[in-house]
Amino acid sequence: MEKTPVLVLAPLPDFLMEPLHAAHVCHDYFHAEDKNALLTEVGAEIRGIVMAGGSVSPVPLLERLPKLEIISVFGVGYDGVPVDWCQDHGIRVTNTPDVLTEDVADTASALVLMTSRRLVAANRFLHAGAWTRGPFPLAHALRGKRAGIVGLGRIGKAIAQRLEAHGMSVAYHGRARQEVAWEYFESLIELAEAADFLIAACPGGAATKHLINAAVLTALGAKGTLINIARGSVVDESALIAALQSGTIRGAGLDVFENEPQVPEALMQCENAVLLPHLSSGTHETRREMARLVVENLAAHFSGEPLLTPVC
Ligand code: 8YV
């Protein structure tokens, strides 16, 4: 079968690039020095795009690909794809749901533990040889505390189950009440007031941009810690830095940022923040499953079979 030309918009692992090269002619847009020249040269032929959860495929780029048929996202989040535009133009979109749920939920509960028990600071304390001079200060227990989950999708539910196992109670906020035993808060402010840990697990994109703002952080208050494994765009990062600096909230555990991989110096200076480099799905097992879905969705599309995990 003839190889189909695809455009690669993100740095992708070898175990994904190898099968992509086998089935497609891959044009590396991400690393191209002259992106405009690449589009002028190959744009008219491109039939597929491969991108990551955190990358974007803006309309002006898509407009230069008249033969584009499918965008395959290596990630569950597709907030970087203009889905309505794709739907209007008959372009299919796929993502990689489910296979990463457990790893992302593990990372969220790890951030809850790391922030409440101050494990990162404790690790630094020991490495610095401070233990011989006295004990590490006491931290806070999880049992009896309340987790407020913002966005109770598959990942939000997996986080809730883990935190219940730590003796925490769970409440949630989202667009609608669900058939679950956990308490629903229609108001995000009221959830923040009630929560010890406010955990962002909702999709990114325009609908949730800066959903967690200064008012929500004030409601969370000095008893509260913000955890974000969703998208950096969900949190107003400047308001968060101010809240961490002033002690308006107790702390934060973040895996995602507004302008990755750039993290503001002021945030890096916050001792009460645990910061991870967007690694929540970053295990060998999960990333290989995600890669398989990317490859198989493209193969299904180009051989006229149903998509495995369609967004549209
Ligand atoms: C990945 C993600 O880090 O699934 C998502 O939406 O953001 C992450 O799982 C990313 O897609 C891999 O680069």
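Procedures and definitions
Residues numbered from 1 in each chain as written. Predicted model: local features only at pLDDT ≥ 70, side-chain atom pairs only at ≥ 80, totals over all residues. Heavy atoms only, no water. Helix = DSSP H or I, 4+ residues; strand = E, 2+ residues; numbered from the N terminus. Rg over C-alpha atoms; globule rule 2.2 N^0.38 Å. Buried < 20%, exposed > 50% of the residue type's maximum accessible area, 1.4 Å probe, protein only. Contact = heavy atoms within 4.5 Å. Near = heavy atom within 4 Å. Polar contact = N/O pair within 3.5 Å; in protein donor to acceptor, adjacent residues only side chain to side chain. Areas by Shrake-Rupley, 256 points an atom, 1.4 Å probe, with all protein chains shown as cover. Nonpolar A, V, L, I, M, F, W, Y, C, P; charged D, E, K, R; others polar. Salt bridge = Lys/Arg side-chain N within 4 Å of Asp/Glu carboxyl O. 1 Å grid on protein atoms, 1.4 Å probe; cavity = no way out; pocket = protein on both sides within 12 Å on 5 of 7 lines; lining within 4 Å. Points joined across faces, edges and corners; volume = space filled by probe spheres on them.

Draft legend 1. Representation of the overall build of the protein chain in the model. Scanning the protein chain from N- to C-terminus turns up 12 helices and 12 strands. What you see for the protein chain is a C-alpha radius of gyration of 21 Å, in line with the 20 Å of a compact globule of 312 residues. Reported as C-alpha extents along the three principal axes, the dimensions of the protein chain are approximately 65 × 50 × 30 Å. In the protein chain, which comprises 312 residues, the share counted as buried stands at 49%. Taking all contacts inside the protein chain whose residues are at least 6 apart in sequence as the whole, residues at least 24 apart take part in 56%.

Draft legend 2. Expanded view of the site of the ligand. As a structural note, the neighbourhood of the ligand is formed by Ala52, Gly53, Phe74, Gly75, Val76, Gly77, Leu100, Arg231, His278, Ser281, Arg287 and Met290. Residue glycine 53 places a main-chain N or O atom 2.7 Å away from an oxygen atom belonging to the ligand. Within the side chain of histidine 278, one N or O atom sits 2.9 Å away from an oxygen atom of the ligand. When the ligand sits alone it has 330 Å² of accessible area, and the protein chains cover 87% of it. A breakdown of the residues in the shell around the ligand according to their chemical character gives 5 nonpolar, 5 polar and 2 charged.

Draft legend 3. Looking closely at the pattern of salt bridges. A complete count under the given rule lists 10 salt bridges for this structure. The salt bridge partner of aspartate 98 is arginine 154, with a shortest N-O separation of 3.3 Å. Of this pair, aspartate 98 sits in the loop between strand S5 (92–94) and helix H5 (101–116) while arginine 154 sits in helix H7 (residues 154–165), and the two are 56 residues apart along the sequence. A salt bridge links glutamate 271 to arginine 124; the nearest nitrogen and oxygen atoms lie 3.2 Å apart. Taken together, the residues span a long stretch of sequence, with glutamate 271 in the loop between helix H11 (265–268) and strand S12 (273–275) and arginine 124 in helix H6 (residues 119–127) at a distance of 147 residues. On the accessibility criterion, arginine 124 (44% relative accessible area) is partly exposed.

Draft legend 4. Quick peek at empty space enclosed by the protein. The tally for this structure, following the rule as stated, stands at 1 cavity of 30 Å³ or more. Lining the largest cavity we find Asn228, Gly232, Val235, Glu237, Leu240, Leu254, Val256 and Phe257. Looking at side-chain class alone, the lining of the largest cavity contains 5 nonpolar, 2 polar and 1 charged residues.

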